[in-house]
Amino acid sequence: PKCNDKKVVDSGDDKWLACPKDCPVWADDRGDGVDCNFECVEATPKACIKVNPKEPIPDNDMGICRACLVDGCDVCTTAGEDTCAKCQPGFTLKEGKCENDNKYYWY
């Protein structure tokens, strides 16, 4: 694949296909209404956000742009790190993490 070329994939495609070094991560374009539509982008938060604002983290180890890995997070920050900007209902935002509001309840 070439940088920023969209590629629609299905089960018959090579799942180990890698992006070139100039744009080493796959970004999943979910805003165009086409399922499984990816493109290779630079490993920067800006490049990931341009394709999919909900996946702002370039993960070189996994080779993808991904969402932040914060339990209870609804919206990730755009810093490219595992930090949250807004938590889901039932969680409180504290220093980029989401704290469960019910963690101290006993049954």
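Structure's up top.
Bear in mind that the values here come from a model prediction, so they are computed numbers and not experimental data.

### Description of the packing of aromatic side chains
Inspection of the entire model under this criterion finds 1 aromatic pair. With 6.2 Å between their ring centres and 80 degrees between their planes, Trp26 and Phe38 make a pair best called edge-to-face. One end of the pair, Trp26, is in strand E2 (residues 25-28); the other, Phe38, is in strand E3 (residues 37-41), with 12 residues separating them in the sequence. Looking at Trp26, the relative accessible area reads 15%, which means it is buried. Owing to a relative accessible area of 23%, Phe38 belongs among the partly exposed residues under this scheme.

### Here we look at unusual backbone geometry
For Asn4, which is not a glycine, the phi torsion comes out positive at approximately 65 degrees. Looking at the element boundaries, Asn4 is found in the segment before strand E1 (6-8). Non-glycine residue Glu95 carries a positive phi angle of around 55 degrees. Along the chain, Glu95 falls in the loop between strand E8 (91-94) and strand E9 (97-100).

### Brief notes about the pattern of salt bridges
Evaluated as defined, the whole model comprises 8 salt bridges. The partner of Arg66 in a salt bridge is Asp59, with the nearest N and O atoms 2.8 Å apart. An identical accessibility class is assigned to Arg66 and Asp59; each is buried.

### Overview of the state of the cysteines
This model, assessed by the stated rule, comprises 6 disulfides. Note that Cys3 is cross-linked by a disulfide to Cys23, the S-S spacing being 1.9 Å. Taking the torsion about the S-S bond as the criterion, the Cys3 to Cys23 disulfide, at about -95 degrees, is left-handed. Of this pair, Cys3 sits in the segment before E1 while Cys23 sits in the loop between E1 and E2, and the two are 20 residues apart along the sequence.

Calculation rules
- Residue numbering note: each chain is counted from 1, following its sequence as written.
- Two thresholds apply to this predicted model, a pLDDT of at least 70 for residue-level local features and 80 or more for giving and counting side-chain atom pairs, whereas whole-chain, interface and lining totals are computed over all residues.
- Water and hydrogen atoms were dropped before computing side-chain values, which therefore reflect all heavy atoms in the structure.
- Between rings of Phe, Tyr and Trp, where Trp is taken as its six-membered ring, a pair exists when centres lie within 6.5 Å; planes separated by under 30 degrees are stacked, by over 60 edge-to-face, and by other angles tilted.
- Only DSSP runs of H or I reaching four residues or more are called helices, and only runs of E reaching two or more are called strands; each is numbered from the N terminus.
- Only protein chains enter the accessibility calculation, which uses a 1.4 Å probe; a residue is then buried when its area is under 20% of its type maximum, exposed when over 50%, and partly exposed in between.
- We count a salt bridge whenever a side-chain nitrogen from Lys or Arg sits within 4 Å of a carboxyl oxygen from Asp or Glu.
- Any two cysteine sulfur atoms within 2.5 Å of one another count as a disulfide.

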